[in-house]
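# Architecture and fold: a report
Listed below, chain by chain, are the residues.
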Amino acid sequence: MKLHCIFLACLVLFSCCSLANSEYSQGPDKCCFAFSNMKIPLKQVVGYHTTHFQCDRSGIIFIMKSGKKICADLNEKWVQRLKNLVDESTQMMTEGSGDSN
């Protein structure tokens, strides 16, 4: 009987600890652990987002037409240029779709 009570108490304690850990582990979803050195063609990129501020390495994640995601170092000139080109392309597409009135 005592062994059963100890087991039950340990199970309850373990469950409480697991719930507490999951509540407070709201960390970043996507981080970059390595950066691509390969220059990416603009026509292959459909979007991007920057990594979460809690990630160890800040970077940018380019989203390709194929659905693949590629991490790049935001400090690289080619990455900044590609980011700006994607922004311009997105802005032109947005403005172009609003002219149908």
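Shown above is the structure to which this text applies.
Let us look at the structure shown here. Since we're looking at a predicted model, the values are computed, not measured. (Residues numbered from 1 in each chain as written. Predicted model: local features only at pLDDT ≥ 70, side-chain atom pairs only at ≥ 80, totals over all residues. Heavy atoms only, no water.)

### A word on the pattern of salt bridges
Throughout the structure, instances matching the rule amount to one salt bridge. The partner of Asp-87 in a salt bridge is Lys-83, with the nearest N and O atoms 3.7 Å apart. In this pair, Asp-87 and Lys-83 are both assigned in helix H2 (residues 77-97), four residues apart and thus about one turn of the helix distant. What makes Asp-87 partly exposed here is its relative accessible area of 29%. (Salt bridge = Lys/Arg side-chain N within 4 Å of Asp/Glu carboxyl O. Helix = DSSP H or I, 4+ residues; strand = E, 2+ residues; numbered from the N terminus. Buried < 20%, exposed > 50% of the residue type's maximum accessible area, 1.4 Å probe, protein only.)

### Side note on the pairing of strand E2 (residues 60-64)
Taking burial as the measure, the five residues of E2 include four buried ones, the bulk of the element. Strand direction decides the pairing type here: strand E1 (residues 45-50) and E2, joined by five bridges, are antiparallel. Considered in E2, the bridge of Gly-47 is made with Ile-63. Across four bridges, the pairing between E2 and strand E3 (residues 69-72) is antiparallel. From the neighbouring strand, Ile-63 faces E3, where its bridge partner is Lys-69. If you look at the hairpin formed by E2 and E3, you'll find four residues sitting between the two strands, and Gly-67 has a positive phi there, around 95 degrees. (Pairing = 2+ DSSP bridges.)

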